[in-house]
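Fold and geometry: a report
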Amino acid sequence: MVASIMPHRDAVGLPDGLLLIDGAWRESTSGETWTHRHPATGEEVGSFPVSTVEDVDRAVRAARAAFDEGPWPRSRAKERITVLRRTAELIRQHADELLTLQALDNSVPVSFNTTYAMSIDAVADAFDYHAGWIDKLGGETLWPYQGGDHMVFTLREPIGVVAAVVPWNAPLLLSAQKLAPALAVGCTVVLKPSEYATFTVLKLARLLEAAGLPPGVLNIVTGPGDPTGDALINHPGVDKITFTGSRETGRRVMAAATSTFKRVSLELGGKSPALVFADADVYSAAAITMGTVTLGLSGQACVAQTRAIVHRDIYDQFVAIASGMSEIVGYGDPFDPLVTAAPLINGRQVERVLGFVSKGHEEGARLVCGGERLGGEFAAGNFVSPAVFADVKNDMTIARQEIFGPVLCVVPFTDEDEGVRLANDTEYGLGATVWTTDVKRAMRVTRQLRAGTVGVNGYQLEIHAPFGGFGQSGLGREGGRSSIEAYTELKTVLLPTTEELM
Ligand code: NAD
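An account of the accompanying structure is given in this report.

Definitions and limits used
- Residues numbered from 1 in each chain as written.
- Predicted model: local features only at pLDDT ≥ 70, side-chain atom pairs only at ≥ 80, totals over all residues.
- Heavy atoms only, no water.
- Pairing = 2+ DSSP bridges.
- Helix = DSSP H or I, 4+ residues; strand = E, 2+ residues; numbered from the N terminus.
- Buried < 20%, exposed > 50% of the residue type's maximum accessible area, 1.4 Å probe, protein only.
- Core = buried A, V, L, I, M, F, W, Y, C linked by side-chain atoms within 4.5 Å.
- Domains from an automatic or database assignment.
- Near = heavy atom within 4 Å.
- Polar contact = N/O pair within 3.5 Å; in protein donor to acceptor, adjacent residues only side chain to side chain.
- Areas by Shrake-Rupley, 256 points an atom, 1.4 Å probe, with all protein chains shown as cover.
- Nonpolar A, V, L, I, M, F, W, Y, C, P; charged D, E, K, R; others polar.

1. Considering the sheet that holds strand β20 (residues 488–496)
- The strand order across the open sheet formed by three strands is β5-β6-β20, and the pairing between neighbours is antiparallel. Each edge of the open sheet carries a strand with a single partner, namely β5 (141–142) and β20.

2. Thoughts on unusual backbone geometry
- The omega torsion of the bond from Asp-226 to Pro-227 falls at 15°, within 30 degrees of zero and hence cis.
- Mapped onto the secondary structure, Pro-227 falls in helix α8 (residues 225–233).
- Its identity as a non-glycine residue notwithstanding, Phe-261 has a phi of 55°, on the positive side.
- Locating Phe-261 in the fold gives a position in the loop between α9 (247–258) and β11 (263–267).
- Residue Phe-261 is classed as exposed on the basis of its relative accessible area of 66%.
- Located in the positive-phi region is Ser-298, a residue other than glycine, with phi close to 55°.
- Within the secondary structure, Ser-298 is located in helix α10 (residues 282–298).

3. Thoughts on the nonpolar core
- One finds Phe-127 and Phe-318 to be the most contacted residues of the largest nonpolar core, which totals 100 residues.
- Considering every element that reaches this core, the biggest residue donor is helix α6 (residues 171–185), with 10 residues.
- Formed jointly, this core draws a minimum of three residues from each of two domains, domain 1 (6–269) and domain 2 (273–466).
- Listed in part, the 29 residues of the second largest apolar core include Met-396, Ile-398, Phe-413 and Ala-451.

4. Side note on the site of the ligand
- In the vicinity of the ligand there are 29 residues, among which Glu-195, Ser-246, Thr-249, Leu-268 and Glu-402 approach most closely.
- Backbone polar atom of Gly-245 to an oxygen atom of the ligand: 3.3 Å apart, as the coordinates give it.
- Here an oxygen atom of the ligand and a side-chain polar atom of Glu-402 are 2.6 Å apart.
- Relative to its free-state accessible area of 850 Å², the ligand is covered by the protein chains to the extent of 88%.
- If you tally residues by element for the shell around the ligand, the top one is α8, at four residues.
- Here the shell around the ligand is built from residues that sort into 14 nonpolar, nine polar and six charged.
- In terms of domain composition, the shell around the ligand takes at least three residues from each of domain 1 (6–269) and domain 2 (273–466).

Written out as structure tokens, the structure reads:
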């Protein structure tokens, strides 16, 4: 059996499962709760309130009042910088506690903290980085275009009340990438964590509170999509929705935004290609690509490179190396430093992944390894062994749908044009990698790939670079200047400087 997670829970102590509304931690109005079961052991970790429509309404009203009348949007740059920098400091000080809570929520191994994208450092950096923008926010001055003697300039102002909805796979970083820029520019926020990763986010909220955020600026409503998320995205008091999650929920978000023309940012799923040419370092290409669908989140990552499009000359070698990698993945207790991969988040996801494995068989792909639910000592958890499918055609279901599990599809290609065409033959467009030792080809192909981020001979997160998707992978970008723009409106000011009318 995988070791019980209870001693870790008892040692760290869960943050109280309560809602944060207008600076006070409260129960939900219904008293209804959600119980979180651990993905690796099935044990009950704890429970938290299911926020009702009424709770969400109170939270949005609190954020509205804090925006319309409160000090935060009107504060001096230095005050906001201090709060964000203090938050980053507190996150670093509480790193162990946050990592433990994250492992209690989603069972991501604590050993994964050495990967920057999943590290506490990246979360703290997101607050530090956006703090750096606060005293540089500004508009521009334009020369008058036609008659009149006047000044024309723009102001960049906070967009208002932000509804932030985040998934469970990287609850800290994904919350930070929304909260840090929104708070930096002076917005107020109602955040809904995933029901599968709530405790981590409750702790983050406590740290923001301790850093000196005024009441009502950050509100947290816990609970599932129905009723909590649905009430939040449909609330008329919200000016902007920032959502990270599945394409299906993204559609609902977009539809909900139309009634009051809420601004929307969407970070959705992907079916990202790794395009591997014959001149590539095939070992690195296979090992790193397979790593994105096995290690850490076990393929439950939006940018997992789940479609390897591999030149026929190196195809067999690639498949052999990738499937060999499946042998070295360590499952189990997320607190064991030798454990390198998470289970699937819940039973529904296990069924979904196994369903795709059957579909792959049915449609004629060759299963080289894995794709089975683990029994024995792993039986109480949601473990599925890493699968590699060879001889995959790009029109098969497993090559088109986001599986969100440890399944790699390997599609063969013959020449560059065919490789690029296959890579782009997807409804998604989040990430892509090009593997080649020819720099001209790397640049040529990068220009042709329809993806928000393209990695050459590897892929890593840069929190200050724009991140987002082409096509059905989303709308807008997070990170860098794009984040600041995503949480601000531009106002044009016309100021006559003489008596002459414009
Ligand atoms: P999900 O869409 O099921 O849930 C995401 C969030 O939306 C959760 O908080 C959930 O409670 C909420 N939600 C669900 N139904 C809702 C509704 N009707 N109204 C409002 N809110 C609702 O996604 P998930 O399973 O938590 O996460 C996995 C998905 O997220 C994958 O598709 C993955 O690719 C995507 N993802 C994208 C990125 C990115 O940056 N592009 C990052 C991580 C995950």
